[in-house]
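Working through the structure, step by step
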Amino acid sequence: MSNRIRSLDVLRGFSITGILFMNIVGFHENYYYVNPLVKFANDKDVLLQQLSLLFIHNSFYPIFSFLFGFGMAIMADNMFQRGQNIFPRLIRRLLFLLVLGILHGSLLFYGDILNTYAIFGLLLLLFLVLSPRIALVSSICLVTIHFSLHFNELISVILKPEDYQVVLNKNNAFGNEVWQEAIRDRDYLLILGLNMGTFLGANTPLIGGKIFIFYLLTVFPFMLFGSYAYRTKLINKILKHKTSAIITASIFLIIGLTVKGFGIYHHINAEMMENFTYYGGIFIAMSYIVFTIILCENNKVLMYLTPFEKIGKISLTCYIFQSISMFIIFYVLGLYSQLSLSQVFSIALILTVVQCVGAQLYLKRYKQGPLEYIWRKFTYWSK
């Protein structure tokens, strides 16, 4: 296997780990997304929360979306070369992912992203039989539309950031007390009901309307760009022009950190901060992609990144493993809303080590993760 392909596994493992550090905070307390400083108010936790916003929040989902589109394009290309119709197999593959995502979102974690990938993966199929340039133009157009819709908000915050600062209000916990009571009483039916209600009510494009448009404008562009990157051999171009790629990635990183840093420095409230983390996260994600691809060309560096490569090879299994682990830790063991942010991140670090060791041991015996194996069987039926 070439270093270029291995770099994608490293990137995928890197992304799934970053997503863990983002998701675990919401798993520990869903009110975090509304006003993190209500729960995490000491200096150490505030610093950790700011670093998380700066380097993690919305800096990994774009990468995973990019890789999803890249992988879809690889599979489609392989089928084209064998003279096969891409639609039956890839539709089955996406339907399996959709069902898995709905189950995951309803029963384990309301923030599931798999169902979103499945739904927009079906739309991506249409672009895989068109010119890759159409995918690129469509991606740029969707991001531009999103930016235009939020342009006035961004300008207002930039001109008068003091008008949009965090207001601490511990009496407005958006139903958090209900979660706490359900977990304290070990009322698992209510926990599942709350989780399912949050997922189906606000976190899946299946419900259509504004949620569908939101994911269309924020997730689908990176899937399109990923498919474009594979079909135009963008990784080869990055490696061919390393110096230019490093300079560009460095500029992107500075822009991303500056955009996010503005919101953090001025203590912008969570609603408005979403725009800064989204746009800043795009630039940071692109820099992460370029730096990882280039670093993986160095065999010594690649050797140290092997644990992330192993996680990347069984990323679907690891993603579900993370949710099962967090469900047990915070809901079953009752640690929901009981820990400091440093303790929450310590748990994430432990889970990361477990994944690294577990993936390494598992792949010594098997070629695919258990969910990846089932997914492939469903995709190809007889293979």
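All chains use their own residue numbering, which begins from 1 and follows the written sequence. It should be noted that, the model being predicted, local features are given only for residues of pLDDT at least 70 and side-chain atom pairs only at 80 or more, the latter also being counted only at that level, while totals for whole chains, interfaces and linings use all residues. The side-chain figures draw on all heavy atoms in the structure; neither hydrogens nor water molecules are used.

Side note on the overall build of the protein
Strands here are runs of E lasting at least two residues and helices are runs of H or I lasting at least four, both read from the DSSP assignment and numbered beginning at the N terminus. From N to C terminus, the protein includes 19 helices and zero strands. Radius of gyration (C-alpha) of the protein: 21 Å, near the 21 Å computed for a compact globule of 383 residues. Projected onto the principal axes, the alpha-carbon positions of the protein cover approximately 60 × 50 × 45 Å. Across the 383 residues of the protein, 51% fall into the buried class. Contacts are assigned to residue pairs with any non-hydrogen atoms lying within 4.5 Å of each other. When contacts within the protein are restricted to residue pairs at least 6 apart in sequence, long-range pairs at least 24 apart make up 83% of them. Accessible surface is estimated by sampling points in the Shrake-Rupley manner with a 1.4 Å probe; for residues, cover comes only from the protein chains shown. For the protein, the accessible area works out to roughly 17,900 Å², and carbon and sulfur atoms hold 66% of it. His is not counted, nor are the chain ends; Lys and Arg add positive charge and Asp and Glu add negative charge. By convention, charge coordinates are those of NZ in Lys, CZ in Arg, CG in Asp, or CD in Glu. Within the protein, the 18 negative side-chain charges are centred at a point lying 19 Å from the centre of the 30 positive side-chain charges. All radius of gyration figures rest on C-alpha atoms, and the globule criterion is 2.2 Å times the number of residues raised to 0.38. Think of it in three bands: with a 1.4 Å probe and only protein chains considered, a residue is buried below 20% of the maximum accessible area for its type, exposed above 50%, and partly exposed in between.

Thoughts on the confidence of the model for the protein
A score between 0 and 100, pLDDT records how confident the predictor is in each residue. Summing up the model confidence of the protein, the mean pLDDT is 91 and the portion of residues at 70 or higher is 93%. For the protein, per-element mean pLDDT is lowest for helix α2 (residues 36–39), which scores 60, and highest for helix α11 (residues 220–231), which scores 98.

Notes on the nonpolar core
The nonpolar side chains of a soluble globular protein tend to be buried with one another. Judged by nonpolar contacts, the single largest core of 100 residues is most densely connected at I24, Y117, F220, F330 and Y331. With 12 residues, the single largest contributor to this core is helix α4 (residues 61–81). Once you skip the residues sitting within four places of it in the chain, F220 turns out to touch F120, L123, L124, F127, L142 and Y215. Counting residues in each nonpolar core, the second largest holds 13 residues, with L154, F222, I268 and F276 among its members. Each nonpolar core is a collection of buried residues, namely Ala, Val, Leu, Ile, Met, Phe, Trp, Tyr and Cys, held together in the definition by side-chain atoms within 4.5 Å.

Regarding the side chain of R92
Looking at where R92 falls in the secondary structure, it is placed in helix α5 (residues 86–107). Counted as salt bridges are all cases of a side-chain nitrogen of Lys or Arg within 4 Å of a carboxyl oxygen of Asp or Glu. It is E372 that comes nearest to the buried, bridge-free R92 among opposite-charge side chains, at 18 Å. Setting aside anything within four residues of it in sequence, one finds R92 in contact with F378, T379, Y380 and W381.

Digging into unusual backbone geometry
Its identity is not glycine, yet R186 carries a phi of approximately 55°, on the positive side. Position of R186 relative to the elements: it lies in the loop between α8 (176–184) and α9 (188–202). Taking relative accessible area as the criterion, R186 reaches 40% and is therefore assigned partly exposed. For H267, which is not glycine, the phi dihedral falls at a positive 55°. Summarising the element assignment, H267 is placed in the loop between α13 (242–265) and α14 (270–295).

As for the pattern of salt bridges
Counted according to the given criterion, the structure contains three salt bridges. One salt bridge in this structure joins K313 and E309, with 3.9 Å as the shortest N-O distance. Note that K313 and E309 are positioned in helix α16 (residues 306–313) at a spacing of four residues, about one turn of the helix. Accessibility expressed as a relative area gives 2% for E309, which makes it buried. Overlapping salt bridges bring together R6, E309 and K313 as one network.

Side note on a nonpolar patch on the surface
Each patch is assembled from residues with relative accessible area greater than 30% and no salt bridge, linking like charges that lie within 9 Å and nonpolar side chains (Val, Leu, Ile, Met, Phe, Trp, Tyr) that lie within 5 Å. A contiguous nonpolar patch, built from I91, L95, L122, F378 and W381 and spanning about 430 Å² of accessible area, is present on the exposed surface. Within the fold, F378 resides in helix α19 (residues 370–380). What makes F378 partly exposed here is its relative accessible area of 30%.

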